[in-house]
Amino acid sequence: MNFLEERIVKDGIVKEGNVLKVDSFLNHQMDIHLFEQMGEEFKRRFKDKPINKILTIEASGIGIACIVAKYFNAPVVFAKKTKSINIEGEMYIAEVESFTHKCKNQVIVSKKFLSPDDHVLIIDDFLANGEAASGAIRLLTEAGASIAGVGILIEKSFQPGRDKLIAQGVDVYSLARVSRLAKGVIEFIPEEC
Ligand code: 5GP
């Protein structure tokens, strides 16, 4: 097991509906030493790509995106969630269904912060059905930016997110790939070399 998998086994809690709760170290209280290790690992994996920007969706991806951005010496852009429908003109907009809240949100990024010159690494905490990452990809496609890859902390491999992204030709790297969640049981797919 790698360092993140060990931490998930130690502190993760399996909830109803295939939800893994990691709020004691990832997405409510945040263990910054762990974040540094994860940032370093994304840098190792994506170092050969000319990444000049990190994109995430608010809110839970922002913390890790900032640490990853430090390793790439790049700014972070986070797509804002809004329920208002009528923002046009200066924004890129995509519709995303939330896995945890089961509602649809628009995610928006100002046109000022994404352009065809950008090589963007998308970062998020979880990959489940791939809705959030696909929304981020749609924003980048609209902006004409290059998609360098998608970096995920915890992928739930029994859900279709990874396959959806791979089918779009996107390079996906997940630090922990959960193959099974059940009461008191968390199993992983062995990591990539
Ligand atoms: P997707 O869009 O891939 O279906 O789901 C990804 C988003 O849903 C992530 O940004 C994350 O916030 C949330 N999410 C999905 N599955 C889980 C889970 O098991 N636990 C937690 N805490 N968040 C999840």
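In this text the structure is predicted, and so the values were computed from the model without any measurement. (Residues numbered from 1 in each chain as written. Predicted model: local features only at pLDDT ≥ 70, side-chain atom pairs only at ≥ 80, totals over all residues. Heavy atoms only, no water.)

Quick look at the packing of aromatic side chains now. As enumerated under the stated definition, the model contains two aromatic pairs in all. Consider the rings of F42 and Y173, whose centres lie 6.1 Å apart with planes at 90°: the pair is edge-to-face. With F42 in helix 2 (residues 32–46) and Y173 in strand 9 (residues 172–182), the pair connects residues that are 131 residues apart, well separated along the chain. Y173 shares its class with F42; the two are buried. With a centroid separation of 6.4 Å and 70° between ring planes, the pair formed by F46 and Y173 is classed as edge-to-face. Taken as a pair, F46 in helix 2 and Y173 in strand 9 lie far apart in primary sequence, 127 residues in all. We classify F46 as buried; its relative accessible area is 0%. With a relative accessible area of 4%, Y173 lands in the buried category. Through a chain of ring-to-ring contacts, three or more aromatic side chains come together here, namely F42, F46 and Y173. The ring of F46 has R45 lying over it, and the distance from NZ or CZ to the ring centre is 5.1 Å. (Phe/Tyr/Trp six-rings, centres within 6.5 Å; stacked < 30°, edge-to-face > 60°. Helix = DSSP H or I, 4+ residues; strand = E, 2+ residues; numbered from the N terminus. Buried < 20%, exposed > 50% of the residue type's maximum accessible area, 1.4 Å probe, protein only. Lys NZ or Arg CZ within 6 Å of the ring centre and 35° of its normal.)

To continue, consider the pattern of salt bridges. Any two side chains of opposite charge can pair, so long as their charged atoms come close to each other. By the definition in use, this model includes 12 salt bridges. Measuring nitrogen to oxygen at the nearest pair gives 3.5 Å for the salt bridge that ties D23 to K21. Judged by its relative accessible area of 25%, D23 is partly exposed. Residue classification places K21 among the partly exposed residues on the basis of a relative accessible area of 35%. (Salt bridge = Lys/Arg side-chain N within 4 Å of Asp/Glu carboxyl O.)

Quick look at the site of the ligand now. Within the structure, the ligand sits among 17 residues, and L20, A128, N129, G130 and K156 are positioned closest to it. At a separation of 2.8 Å, an oxygen atom of the ligand approaches a polar backbone atom of A128. One of the backbone N or O atoms of A132 is found 2.8 Å from an oxygen atom in the ligand. Relative to its unbound accessible surface of 500 Å², the ligand loses 89% to contact with the protein. Taken together, the elements giving at least two residues each to the shell around the ligand come down to strand 2 (19–21), strand 7 (119–127) and helix 4 (131–143). The biggest single contributor to the shell around the ligand is strand 7, with four residues. Its residues assigned to classes, the shell around the ligand comprises seven nonpolar, six polar and four charged. (Near = heavy atom within 4 Å. Polar contact = N/O pair within 3.5 Å; in protein donor to acceptor, adjacent residues only side chain to side chain. Areas by Shrake-Rupley, 256 points an atom, 1.4 Å probe, with all protein chains shown as cover. Nonpolar A, V, L, I, M, F, W, Y, C, P; charged D, E, K, R; others polar.)

Looking now at the pairing of strand 5 (residues 91–97). Of the two faces of strand 5, only the one carrying Y92, A94 and V96 is buried; M91, I93, E95 and E97 on the other face are not. Summarising the sheet, strand 5 and strand 6 (residues 104–110) pair through seven bridges and their orientation is antiparallel. Looking at strand 6, one finds that E95 is bridged to Q106. Where strand 5 folds back onto strand 6 in an antiparallel hairpin, the turn is made up of six residues, including K102, whose phi is positive at roughly 55°. (Pairing = 2+ DSSP bridges.)

Right, let's get into the nonpolar core. By size, the foremost hydrophobic cluster in this structure holds 33 residues, and its most contacted members are L4 and I154. Listing elements by their share of this core, those giving two or more residues are helix 1 (3–11), helix 2, helix 3 (62–72), strand 7, strand 8 (146–156), strand 9 and strand 10 (185–188). Per-element accounting of this core gives the leading share, six residues, to helix 3. Aside from chain neighbours lying at most four places away, what touches L4 is F25, L34, M38, L153, I154, L175 and A176. Of all hydrophobic cores here, the second largest spans 25 residues; its members include A94, V120, L127 and L165. (Core = buried A, V, L, I, M, F, W, Y, C linked by side-chain atoms within 4.5 Å. Contact = heavy atoms within 4.5 Å.)

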